[in-house]
Structure formats: structure tokens, C-alpha cells
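# Breakdown of the fold
Given next are the chains, with one letter for each unit.
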Amino acid sequence: METNMDVQIQDAARLIGRAKRMVVLTGAGMSTEAGIPDFRSQKGWWKQIDPLSVATVEALEDSYDLFHDFYSYRVSQLAHIAPSPGHRILAQWEKEGLVRLVATQNVDGLHQLAQSERVAELHGNIGTFRCHACGTAAEKTSFAEKKRCSCGGRLRPNVVLFGESLPQQAWTRTAAAIEEADVVLVIGTSLQVAPVNRLPSLTDGKLILINNEPTGQSNRFDIILQGMAVKLLQKISLLI
Ligand code: NAD
């Protein structure tokens, strides 16, 4: 017997299969099945400290050892990680002309590793580094060894910390694509982090959410598929 969920999956597949200007907006839930934990659904996983309290400019400037521990751990986590089948499905959809842009809050680079080419990294990338004071690019090993820049500044990954603005180009590109989108597919985000959580409201197109728990803004979405991203993307993919 067909369930309500089956019907919703078919509806999503119909919209995605016909999309000409789809934007996919991803969050940490896109990468959990690749082995990278998200922040909000796994409380206290990291030294009993809320990761969000370490991902700040204040932590970098006032508690560098803690900041460094946290980001070194996250950088090392990525060393043996590969994209999930979900990342690969999105890359395949881009090749088929269904996806115009993947805009991601993730800093792990997994969309690019899966061969998505049109990717906007709204919160930066954890695989490259710079001086916090003068902005000069730095090597990963220098960051790992807690070296300072020649100007004396602290080294940091190229991620957006709480208290910093988003990269202008990624933001403008994403906002423009979402304004023109016929479908916006949001995957694996609690939609709690501003300003990214304002992006879905910019579209006049259809809004689809894939998330394994209810999020805010549920009333905005035309289709809500509650479940794991990989399984749902695989089911949709089979119907396109
Ligand atoms: P979040 O942790 O606030 O929310 C993730 C959401 O995804 C949760 O609602 C969770 O229930 C859901 N989810 C988890 N696994 C899922 C799965 N397999 N299928 C479907 N849903 C799943 O993450 P957020 O909204 O992206 O915001 C957190 C911030 O932390 C972002 O700014 C991001 O930059 C950063 N972050 C990035 C990474 C990464 O790069 N992989 C990891 C953790 C946090």
C-alpha cells in the first residue's frame, strides 16, 4: 500500500525531475552519513563543550588553545572522509542539468569531492588557512604546529566564525540563484543559523525539505520529507 511518504517522494521527484533552475541548500546533516557529526543533534560530543561556543572570534582571540584544539580535531576528522552517496547523487543531478547551484553551510568540501562543480561555500572551507591578523595564506602544517604568521598573527582555517560576515561573493551568488530558482531543495539543516536561514524565503519556487527531525519554518515548505538524506535522495533519484 502506498503511504503518504511515498506520495510525497513521488511529488518531490516530479518537481526535481522537471527543474530547470534548482538550488540545493545543504547543512551539516548532508555530511553526517559521510561520518562527520553535525552540531545540534549530538549534544556534548566534544569535550562537553558546545562547539558553537568555540567557533567564535572571541574564542580565537581570547582562548586560542581551545580554538586550536577544536579546529585541529575537525581538520583531522576529514583526513579519511569520502562523500556519501547523497553527495554523489547531487553531483549527478548537476551533470543532468537539474541543479544550478549547491549552496552549502558545510566547510568540509565534500560536494566538490563528489564532483559537484557549481558550489557556493557560505561558511568557508576548513581545508585552507590564513593569518587572522593580516589575511596572508598559511599552510596546514603551520596551523597544526601552532606557528604564528610572520606578522605575529594567529593562524586559522578559512571558515566563517560566529561574529563574522559571510563571503560576499558566495552570498550574492546564492541569493541571486535562489531568487530565480524554480525549486529549492533544503537538506540536513536545522535552519537555526542566520543569515543562511533567511535564504529559503527568497524564492518564489517550490520549497522541499529533507531533514531527519522537524526544523523551524516548516510551514514554508511545499514538501517535507522527514528521514535520512541518503535514503531519501536515492529513492527520489530512482523515480527521476
Ligand atoms: P545543525 O547541526 O544545526 O543541523 C543539522 C540538521 O540535520 C539537524 O536538524 C539534524 O537532525 C539533521 N540531520 C543530521 N543528519 C541527517 C541526515 N543524515 N539526514 C537528514 N537530516 C539529518 O547544522 P546546520 O544547520 O548546518 O548549522 C550548523 C553550523 O555548523 C553550520 O554553520 C555549519 O557551517 C557548521 N557545521 C559544519 C559541518 C560540516 O562541514 N560537515 C559539521 C558541523 C557543523
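Preceding block: the structure.
The following paragraphs examine the structure supplied in this document. (Residues numbered from 1 in each chain as written. Predicted model: local features only at pLDDT ≥ 70, side-chain atom pairs only at ≥ 80, totals over all residues. Heavy atoms only, no water.)

Around the ligand sit 28 residues, and of these Arg 40, Gln 105, Thr 189, Ser 190 and Asn 212 come closest. One nitrogen or oxygen atom from the side chain of Ser 190 is found 2.6 Å from an oxygen atom belonging to the ligand. In the model, an oxygen atom of the ligand is placed 2.9 Å from a nitrogen or oxygen of the Asn 211 side chain. Contact with the protein chains hides 97% of the accessible area of the ligand, taken as 850 Å² for the molecule alone. The class makeup of the residues in the shell around the ligand is eight nonpolar, 14 polar and six charged. (Near = heavy atom within 4 Å. Polar contact = N/O pair within 3.5 Å; in protein donor to acceptor, adjacent residues only side chain to side chain. Areas by Shrake-Rupley, 256 points an atom, 1.4 Å probe, with all protein chains shown as cover. Nonpolar A, V, L, I, M, F, W, Y, C, P; charged D, E, K, R; others polar.)

The next point concerns the sheet that holds strand 6 (residues 155-159). Sheet strands line up and pair through hydrogen bonds in the backbone, either parallel or antiparallel. The three strands are arranged 5-4-6 in an open sheet whose pairing can be described as antiparallel. Two strands close off the open sheet at either side, each with one partner strand: strand 5 (137-138) and strand 6. As defined by bridge partners, strand 4 (residues 124-131) adjoins strand 5 across two bridges and the pair is classed as antiparallel. When the sheet's bridge partners are listed, Phe 129 is paired in strand 5 with Ala 138. Relative to the sheet, helix 4 (residues 64-77) contacts strand 4 and strand 6, its axis offset from that of strand 6 by approximately 50°. (Pairing = 2+ DSSP bridges. Helix = DSSP H or I, 4+ residues; strand = E, 2+ residues; numbered from the N terminus. Contact = heavy atoms within 4.5 Å. Axes fitted to C-alpha atoms, helices over the stretch in contact; angles between N-to-C directions.)

To continue, consider the side chain of Asn 211. Its location among the elements puts Asn 211 in strand 8 (residues 206-211). Among residues more than four places away in sequence, those in contact with Asn 211 are Gly 188, Thr 189, Leu 225, Gln 226 and Gly 227.

This part takes up the sheet that holds strand 1 (residues 22-26). Overall, parallel pairing links the six strands, which are arranged 3-2-1-7-8-9 in an open sheet. With one partner strand each, in any of the chains shown, strand 3 (119-121) and strand 9 (223-226) form the two edges of the open sheet. The sheet shows a mean angle of 15° between the axes of neighbouring strands, direction not considered. Sheet topology note: the strand 1/strand 2 (residues 99-104) ladder contains five bridges and is parallel. Bridge assignment links Val 23 to a residue of strand 2, and that residue is Leu 101. Across the sheet, helix 9 (residues 229-239) lies against strand 7 (183-187), strand 8 and strand 9, angled at about 135° from strand 8, the strand it touches most.

What follows covers the packing of aromatic side chains. This model, assessed by the stated rule, comprises five aromatic pairs. Taken together, Phe 39, Tyr 64, Phe 67, Phe 70 and Tyr 71 form an aromatic cluster joined through their ring pairs. (Phe/Tyr/Trp six-rings, centres within 6.5 Å; stacked < 30°, edge-to-face > 60°.)

The next subject is the nonpolar core. Counting residues in each nonpolar core, the largest one holds 25 residues, and the members touching the most others are Met 22, Trp 93, Leu 185, Ile 187, Ile 210, Leu 233 and Ile 236. Those elements giving two or more residues to this core turn out to be helix 1 (4-18), strand 1, helix 5 (85-95), strand 2, strand 7, strand 8, strand 9 and helix 9. Residues contacting Ile 187, with those up to four places away along its chain left out, are Val 24, Leu 25, Thr 26, Gly 27, Met 30, Leu 90, Ile 210, Ala 229 and Leu 233. Val 23, Leu 25, Ile 178 and Leu 209 belong to the second-largest nonpolar core, a separate cluster that totals 21 residues. (Core = buried A, V, L, I, M, F, W, Y, C linked by side-chain atoms within 4.5 Å. Buried < 20%, exposed > 50% of the residue type's maximum accessible area, 1.4 Å probe, protein only.)

The next thing to look at is the packing of helix 5 against helix 9. As a packed pair, helix 5 and helix 9 sit with axes 8 Å apart at the nearest point and diverge in direction by 35°. As for the relative orientation of helix 5 and helix 9, their crossing is left-handed in sense. Each of Pro 85, Gly 86, Ile 89, Leu 90 and Trp 93 in helix 5 lies in contact with helix 9, whose residues at this interface are Val 230, Leu 233, Gln 234, Ile 236 and Ser 237. Per-class residue counts for the contact of helix 5 with helix 9 are seven nonpolar, three polar and no charged. (Left-handed = near helix turned anticlockwise from the far one by under 90°.)

Turning our attention to the pattern of salt bridges. On inspection of all chains with the given rule, the structure shows five salt bridges. Where Asp 65 meets Lys 146, a salt bridge forms, and the shortest distance between an N and an O atom there is 2.9 Å. Taken together, the positions of Asp 65 in helix 4 and Lys 146 in the loop between helix 7 (140-144) and strand 6 put the pair 81 residues apart, joining distant regions of the chain. For Lys 146, a relative accessible area of 34% translates into the label partly exposed. (Salt bridge = Lys/Arg side-chain N within 4 Å of Asp/Glu carboxyl O.)

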